[in-house]
Amino acid sequence: MTRHRVWDPLLRLFHWSLVVTFTANAFFTDDESKLHEIIGYIVVGLVAFRLVWGMVGPKMARFTSFAPTAAAIADQMTDIATGRRAVHLGHTPLGALMIFNLLVTLAAIGATGYMLTTNAFWGIGWVEDSHEALVVWAEISIAAHIAAVIWESRRTGVNLPQAMVTGVKKVPKDAKIVP
């Protein structure tokens, strides 16, 4: 195994803080409570931090380092379909799409949640329906993300959850590395 330092401490703190706060709000707080609102603002703050960190953070955290192209997505899908084991040191192209999906979805959840606290939109059906639909979409996306992480960990031989805890990817010596 070769060791590659990839995820900086702030990126990892962001990731796990988002896991905790979204899970708390989606499953453990009362939707009408002040705590739900406060945690929602924390989630939005985390998303805002990630947007800034994606522009000024270390190389692996920057959006420019993993902006997916059609060719890169096709290459990754071909690798999966043919059983080729290519390890991306940073985010994979499909992983990048999921990151962008989740950031946009969480921002939209925050926007609709805020709208529900205003006099102009309180009690408006489409805003509440949109908020709830976005949460369901986020939950589906997160389930797909977790499944993909497990799949890619097994397929590539890289323990991706461990890398998000330690910041280091341990890559099998025989794996093709994609920078």
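Attention here is on the structure that accompanies the text. (Residues numbered from 1 in each chain as written. Predicted model: local features only at pLDDT ≥ 70, side-chain atom pairs only at ≥ 80, totals over all residues. Heavy atoms only, no water.)

## Topic: helix α4 (residues 93-115)
Stated precisely, the cut-off is as follows: Strands are runs of DSSP state E lasting at least 2 residues, helices are runs of H or I lasting at least 4, and numbering of each runs from the N terminus. By this rule, a helix spans an expected 1.5 Å times one less than how many residues it contains. Contact criterion: two residues are considered in contact whenever any of their non-hydrogen atoms come within 4.5 Å of each other.
The end-to-end C-alpha distance of α4 is 33 Å, a good match for the 33 Å that 23 residues give at a rise of 1.5 Å each. Next to the buried residues of α4 lie α1 (9-28), α2 (34-56), α3 (70-82), β2 (86-88) and α5 (125-156).

## Focus on the pattern of salt bridges
Condition: The salt bridge criterion pairs a side-chain nitrogen of Lys or Arg with a carboxyl oxygen of Asp or Glu, the two atoms within 4 Å. Relative accessible area decides the class of each residue, using a 1.4 Å probe on protein chains only: under 20% of the type maximum gives buried, over 50% gives exposed, and in between gives partly exposed.
Counted according to the given criterion, the structure contains four salt bridges. A salt bridge links Arg 85 to Asp 174, with the shortest nitrogen-to-oxygen separation between them at 2.2 Å. Placement of the pair is Arg 85 in the loop between α3 and β2 and Asp 174 in the loop between β3 (168-171) and β4 (176-178), with a sequence separation of 89 residues. Owing to a relative accessible area of 64%, Asp 174 belongs among the exposed residues under this scheme. Ionic pairing is found between Glu 152 and Arg 155, a salt bridge with its closest N-O pair at 2.6 Å. Remark: Arg 155 and Glu 152 occur in helix α5; sequence separation between them is three residues, near one turn of the helix. Here Glu 152 and Arg 155 have matching classes, each one buried.

## Brief notes about the packing of α1 against α5
Helix-helix packing is described using two parameters, namely the angle between the two axes and the distance between the axes. We apply this condition: Every angle, taken between N-to-C directions, lies between 0 and 180 degrees, and every axis is a line fitted to C-alpha atoms, over only the stretch in contact when it is a helix. Working definition: roughly parallel below 35 degrees, roughly antiparallel above 145 degrees, roughly perpendicular at 65 to 115 degrees, and oblique for all remaining angles. Two helices crossing with the near one rotated counterclockwise from the far one by less than a right angle form a left-handed crossing, whereas a clockwise rotation gives a right-handed crossing.
The geometry of α1 relative to α5 is characterised by a closest axis approach of 12 Å and an angle of 135 degrees between their N-to-C directions. In terms of axis orientation, α1 runs oblique to α5. By crossing handedness, the relation of α1 to α5 is classed as left-handed. Counted together, His 15, Phe 22, Ala 26 and Phe 27 of α1 and Val 135, Ala 138, Glu 139, Ile 142 and His 145 of α5 form the full contact between these two elements.

## Points about the layout of surface pockets
Heads up, the condition is: Space inside and on the surface of the protein is sampled on a 1 Å grid over the protein atoms alone, with a cavity defined as a set of points where a 1.4 Å probe fits but cannot get out and a pocket as an open set with protein on both sides within 12 Å along at least 5 of 7 lines; lining residues have an atom within 4 Å of a point. Grid points are joined across faces, edges and corners, and a volume is the space filled by probe spheres set on the points. Gly counts as polar in this scheme, as do all residues outside two lists: the nonpolar Ala, Val, Leu, Ile, Met, Phe, Trp, Tyr, Cys and Pro, and the charged Asp, Glu, Lys and Arg.
The calculated volume of the largest pocket comes to roughly 1,100 Å³. Forming the walls of the largest pocket are 42 residues, and the residues nearest its centre are His 15, Met 98, Ile 99, His 145 and Val 149. Counting residues per element, the ones that place at least two in the lining of the largest pocket are α1, α3, β2, α4, α5 and α6 (160-166). Looking at the lining of the largest pocket element by element, the count peaks at 11 residues for α5. For the lining of the largest pocket, the per-class residue count stands at 28 nonpolar, 10 polar and four charged. Surrounding the second largest pocket, 28 residues form its lining, Asp 31, His 36, Gly 113, Leu 116 and His 131 being those nearest its centre. Among the secondary structure elements, those contributing two or more residues to the lining of the second largest pocket are α1, α2, α4 and α5. If you tally residues by element for the lining of the second largest pocket, the top one is α2, at seven residues.

## So, the packing of aromatic side chains
Remark: the centre distance and the inter-plane angle together describe each pair of aromatic rings, the angle taken between the planes. Put simply, the rule is: Ring pairs shown here join Phe, Tyr and Trp side chains whose ring centres sit within 6.5 Å, with only the six-membered ring taken for Trp; geometry is labelled stacked below 30 degrees between planes, edge-to-face above 60, and tilted in between.
By the definition in use, this model includes six aromatic pairs. Clustering of aromatic rings is evident, with ring pairs tying together Phe 14, Phe 49 and Trp 53.

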